[in-house]
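# Summary of structural features
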Amino acid sequence: MTVLGWIFLAAVIAAAAWVQYTVHKGVQGPSHCMGCGKCSESGICILTGEPVGRRKRETRS
């Protein structure tokens, strides 16, 4: 690979890293739902122990 090719590759990797950071920077704790369905029954996530969905909005108000 030429020097320009390496620079282009580094730019693509940096852009992908920036996109991932931008998408996930507001996530605290587990970054995804495992789809267990418990939060729809109780309104509390079993991974974080925090209210989710409608109950989260009610506690903020």
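Relevant structure appears above.
Presented here is an overview of the structure given in this document. In this convention, every chain numbers its residues from 1, walking through the sequence in written order. Per-residue local features of the predicted model are confined to residues with pLDDT of at least 70, and side-chain atom pairs are confined, for both listing and counting, to 80 or more; whole-chain, interface and lining totals are unaffected and use all residues. Excluded from the side-chain calculation are hydrogens and water; included are all heavy atoms of the structure.

### Let's talk about the overall build of the chain
- Going along the chain from the N terminus, every DSSP run of H or I of four or more residues is numbered as a helix, and every run of E of two or more is numbered as a strand. When helices and strands are tallied, the chain shows three helices and zero strands.
- Start at the N end of the chain and walk to the C end: the helices and strands fall as α-α-α.
- The buried label goes to any residue with under 20% of its type's maximum accessible area, the exposed label to any with over 50%, and the partly exposed label to all in between, with areas taken from a 1.4 Å probe on protein chains only. Relative to its 61 residues, the chain shows a buried fraction of 3%.
- Method for areas: the Shrake-Rupley scheme with a 1.4 Å probe, in which residue coverage is limited to the protein chains shown. About 5,400 Å² of surface is accessible on the chain, with carbon and sulfur atoms providing 64% of the total.

### Regarding a nonpolar patch on the surface
- Patch construction takes residues with relative accessible area above 30% that form no salt bridge. Like charges are linked within 9 Å, and nonpolar side chains (Val, Leu, Ile, Met, Phe, Trp, Tyr) are linked within 5 Å. What makes a salt bridge here is a side-chain nitrogen of Lys or Arg within 4 Å of a carboxyl oxygen of Asp or Glu, nothing more. A cluster of nonpolar side chains, contributed by Met-1, Trp-6, Leu-9 and Ile-13, occupies part of the molecular surface with about 480 Å² of accessible area.
- Counting through the fold element by element, Ile-13 comes out in helix 1 (residues 3-24).
- Residue classification places Ile-13 among the exposed residues on the basis of a relative accessible area of 53%.

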